[in-house]
Structure formats: C-alpha cells, structure tokens
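Residue-level structure breakdown
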Amino acid sequence: MGITVSKTVYNQLKTQFGDAIGEYIETASPFIEVKSESIREVARFCKELGFDSLMCLSAVDTKGMKISSSPQENKTQKPAPPKEEIQVVYHLNSTFTRDKIALKVCLDRTSPRLPSVSSIWGVANWHEREAYDMFGVIFDGHPALSRILCPEDWEGWPLRKDYVFPERYHDVEHKRKPSGAEFLDGEKKQ
Amino acid sequence: MNEGRIEEFEDLLHSIRSTSTRLGESAVAMRLDLMLKWADWCISTSRLNSLWPFSFGLACCAIEMMATAASRFDMDRFGAGVFRASPRQADLMIVAGTVTYKMGERVRRLWHQMPEPKWVIAMGACATNGGPYDLNGYHVMKGVDLVVPVDVYAPGCPPRPESLLNALIKLQDNIRTGRDRQIRAAWERSRWSNNTLTTAPLTKDVQNN
C-alpha cells in the first residue's frame, strides 16, 4: 500500500493555509509540498485532522539526482532535472482512518533550516536529530539538537552527496596501511 | 610448557637455583622447576577450560555467536558457554560485528573493565579489518585491533559456528602454550596501542553514559 493523498485532505489544507501549500501533483507517490515557515502549523492542523502518527521523518539531498520518467508520462517531453536542494519528508498515518499522506519541505542546500515538529509528535525528536546528523538540517525549537549516530566531534554531513570521506578519525587512519609489519615482526623474531 | 606465566616466581626460582647449584644441590632446583611448571600447567588448564565470554554482540555476527552457544553446536562443551552480562565477570570478549568509531571507544572501555587475564576474539570480517565497509564505510573502524589486542581472528561474513569454535580452540591452544602473552606484548609494543582512541580520555557523551 503506497502513500495516497486524498483530495479532501489536500483541499482542507489548501483552504486553511493557501499559498503555503504547493500544487497537487499526481505522481506514483503523491506528496504535498509545504513552505518551510508554516510546517509547524500545517503539522498541527494535520494532527487535528487525525494524522496522529508520524511514521517517518527523513531528508533527501537532490544534488545530482536523475528522474526516470514513468511510462504514463509523455516520453518526448523530458522532465526537468530537480533543483539542488535538501528536502525534508514527513510521512503521516492516521490510525483511525488508515489514511496516509506525505508532506515535503524543500530547503536551500547552503543553510537548511526549518521549525521543529517534535512538540507535536514526540517521535520527531530522534528523527530530527538523525536528519541533522546526516544532512545538517537545523530544526528550530528542537529541545536537544545534537548528533545521534556519529560521534559528537564528527565533521561534515555524511549523507550529503558532496560529502568528502574523512581520511582519519582522530589519528586512526581510515585506509588501513599494510604495515602491521611491526606487529608480525615481533612474532617472527621469537 | 607455559613459560613466564608466573613471573613473580621467576626471580625466586633463579635465586634458589643459583644458590643450590653453588651448594651442588641441583636436584632441588630441578624439583622446584618441575613443581612450578606443574602449577603453571594447572592454572592455564583451568583458565582455558573455563573461558567465560562477555555477552556482547554488535551486528549480525552475534546471531551466529548465539547459534554457537545454543544446543546444536554447544560452546559449553569447551567450557565457554557461560555468557556473562557484565564485563567484570568475563574473561573473553568476542567482538561479534561491525565496530564503528563511536562504538570503538565503548569497546575499549568495556575491555578495560574486564579483569585480567582477558582475551579477545575478533569475529567476522568487520571486526578483523572493516570487511565490506573497507572502502565506503566512513564510520567503520578498520579492525577492532586498533583499540584492543586481538588474540584470534575468525574469518567469515559471518563466520559459521564451526569457525567460531575453531577460533575458541585456537585461543585455548594459545593459552596452553603461553603464546597469548606474546601476542598481547606484541600488540602493546605496536603503534596501534598508541593511537588517541586507545589513550585519550573518553569523550563527553561516553562519560555521561
């Protein structure tokens, strides 16, 4: 069962928030695009609509992303390559109506920043920390935004497409040199 | 025999031997030597037949470790079936799985919490040298021997229970012959024992936990 955006939910959001909600796009996995400033209000409204469960909060880096055209689309008209941005995606589920929607916020790659929704769904706390850890998205109003997976003194945002792998962590080399020789030498001498 | 197992008696042995040879009583020294060797044998045999592993799994290798401990392969046949939940009660650390840099610090801390004598088995490709994360695992430590001295490496991804049992038997052989002390000393001489992950004070989040 994929994500389906029911037209009624979309219309409710559109009448409530107007310009903050993007166009309704019919794709294989539909989503509602939301402006970053109003994501908290939209999220609160969605929760009042009955979307009580935030299934997933994750981020996407669209740098260098290629779109494969679906068979339904017109083959002659090539889709434009997506803008280079960081998207934060919210998958919501209603345990009452079994309805699922996806919200998407597009952010600037240089300084991604948007309001936190951890006060609305408690589960967003760790998910936002993970998005911060992997993509460097800063969530305003998060109670304790710190790295959750990488060590605290880690540098860079590992899941960004332009991430350069570190050569060492502290003084442990990332590429192991084949010079465990001194270890083996001690054995051979004995 | 297990040479150098009881260093504290070595000096005593030498002094007695020199005295007794001066007195022309080499038979006494020989008997003492035999007695110490016998005590040595007793101690190492007891140790190698009651290795208590630390129940400590990091990734999928831990599933195979559990299978090794379960009834079909039954690690308890070799006296190593008593998995302890505390490092204070364990002799053997089986590093079963991928060691990330963040976990590496914790592995080192747990190893320090184990009482001497202690041994380490690196189980699987990840714990041996990074394994499948060798090229593209930015977060994976390339071998747990960068932070703790490893006695035996068990190859495989993950190793079958037979392989882990083989590593255990190999470790028992090492303890029997005293080779484990040579390995430990060689590791402590090597540059691996001197990196900052091994020697630096623990970072803030480790101290808080």
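Each remark here, short or long, concerns the structure printed above.
Counting starts from 1 at the beginning of each chain's written sequence and moves along it residue by residue. To read the labels, note that chains go from A and ligands from 1, taken in the order they are written. Where local features are concerned, this predicted model is filtered to residues with pLDDT of at least 70; where side-chain atom pairs are given and counted, the filter is 80 or more; whole-chain, interface and lining totals use all residues. Water and hydrogen atoms play no part in the side-chain values, which are based on all heavy atoms of the structure.

**A look at the overall build of chain A**
Across its full length, chain A carries four helices and eight strands. Starting at the N terminus, helices and strands are each numbered in turn, a helix being any DSSP run of H or I of at least four residues and a strand any DSSP run of E of at least two. Reading the helices (α) and strands (β) of chain A from amino to carboxyl end gives α-β-α-β-β-β-β-α-β-β-β-α. Relative accessible area decides the class of each residue, using a 1.4 Å probe on protein chains only: under 20% of the type maximum gives buried, over 50% gives exposed, and in between gives partly exposed. A total of 190 residues make up chain A; the buried ones form 41% of that total. Contact definition: two residues touch when any of their heavy atoms are within 4.5 Å. Nonlocal contacts in chain A, meaning residues at least 24 apart in sequence, comprise 59% of its contacts between residues at least 6 apart. Looking at chain A as shown, the accessible area adds up to about 11100 Å², and 53% of this sits on carbon and sulfur atoms. For the accessible areas, the method is Shrake-Rupley and the probe is 1.4 Å, while residue cover comes only from the protein chains on display.

**Re the sheet that holds strand E4 (residues 100-107) of chain A**
Residues and elements named next belong to chain A. Pairing between strands requires that DSSP locate at least two bridges from one strand to the other. If you trace the four strands from one edge of the open sheet to the other, you get E1-E4-E3-E2, paired in mixed fashion. Whereas interior strands pair on both sides, the edge strands pair on one side only; in this sheet they are strand E1 (32-33) and strand E2 (53-61). Where E2 lies against strand E3 (residues 86-93), eight bridges are found, and the strand directions are antiparallel. Bridge pairing links Cys-56 to His-91 in E3. Contacting E2 and E3, helix H3 (residues 124-135) crosses the sheet at an angle of about 5° to E2. Between N-to-C directions, angles cover 0 to 180 degrees, with each direction set by a line fitted to C-alpha atoms, over the stretch in contact for helices.

**Side note on the side chain of Lys102(B)**
Mapped onto the elements of the fold, Lys102(B) is located in helix H4 (residues 101-113). Of note is the side chain of Lys102(B), whose polar atom sits 3.3 Å from the backbone oxygen of Ile148(A). Polar contact is defined as a pair of N or O atoms within 3.5 Å, subject to the rule that within protein one atom must be able to donate a hydrogen and the other to accept it, and that residues adjacent in sequence are counted only when both atoms are side-chain atoms.

**Thoughts on unusual backbone geometry**
Pro117(B) follows Glu116(B) through a cis peptide bond whose omega is -5°. Residue Pro158(B) is bonded to the preceding Cys157(B) through a cis peptide linkage, with omega at -10°. Relative to the helices and strands, Pro158(B) is located in the loop between strand E4 (152-154) and helix H6 (161-177). Unusually for a residue other than glycine, Arg98(A) sits at a positive phi of about 60°. Relative to the assigned elements, Arg98(A) resides in the loop between E3 and E4.

**As for the nonpolar core**
Residues Tyr90(A), Leu92(A), Leu103(A), Leu114(A), Val117(A), Met93(B) and Val144(B) are the most contacted members of the largest nonpolar core, which totals 61 residues. At five residues, the largest contribution of residues to this core is made by helix H2 (residues 39-49) of chain A. Ignoring any residue separated from it by four or fewer positions in sequence, one finds Val117(A) in contact with Ile39(A), Arg40(A), Ala43(A), Leu57(A), Tyr90(A), Ala124(A) and Glu128(A). Side-chain atoms within 4.5 Å link the members of a nonpolar core, which is a set of buried Ala, Val, Leu, Ile, Met, Phe, Trp, Tyr and Cys residues. With 22 residues, the next largest nonpolar core counts Met75(B), Ile121(B), Ala167(B) and Leu168(B) among its residues.

**Comments concerning the packing of helix H1 (residues 7-17) of chain A against H2(A)**
Residue and element names in this part refer to chain A. Contact geometry for H1 and H2: axes closest at 11 Å, N-to-C directions at 135°. By the angle between their directions, the pair H1 and H2 is classed as oblique. Where H1 crosses over H2, the handedness of that crossing is right-handed. Residues Val-9, Gln-12, Leu-13, Gln-16 and Phe-17 of H1 form the contact with H2, whose own contacting residues are Glu-41, Val-42, Phe-45, Cys-46 and Leu-49. Classifying every residue of the contact of H1 with H2 gives seven nonpolar, two polar and one charged. Oblique is the label for any angle not covered by the other classes, which are roughly parallel (under 35 degrees), roughly antiparallel (over 145) and roughly perpendicular (65 to 115). Handedness of each helix crossing follows the sense of rotation of the near helix against the far helix: counterclockwise by less than a right angle gives left-handed, clockwise gives right-handed. Under the scheme applied here, ten amino acids are nonpolar (Ala, Val, Leu, Ile, Met, Phe, Trp, Tyr, Cys and Pro), four are charged (Asp, Glu, Lys and Arg), and all others, including Gly, are polar.

**Some details on the state of the cysteines**
All names here are of chain B. The rule for a disulfide is simple: a pair of cysteine sulfur atoms within 2.5 Å. As enumerated under the stated definition, the model contains zero disulfides over all chains in all. Counting only cysteine sulfurs, Cys-61 is the nearest neighbor of Cys-60, a cysteine outside any disulfide, at a range of 5.5 Å. On the basis of relative accessible area, Cys-60 is assigned to the exposed category, the value being 52%.

**A short note on the packing of helix H3 (residues 61-69) of chain B against H6(B)**
Residue and element names in this part refer to chain B. The interhelical angle for the contact between H3 and H6, taken along N-to-C directions, is 75°, at an axis separation of 9 Å. Taken together, H3 and H6 sit at an angle that is classed as roughly perpendicular. The segment H3 lies against H6, with Glu-64, Met-65, Ala-67 and Thr-68 engaging Pro-161, Leu-164 and Leu-165. Looking at side-chain class alone, the contact of H3 with H6 contains five nonpolar, one polar and one charged residues.

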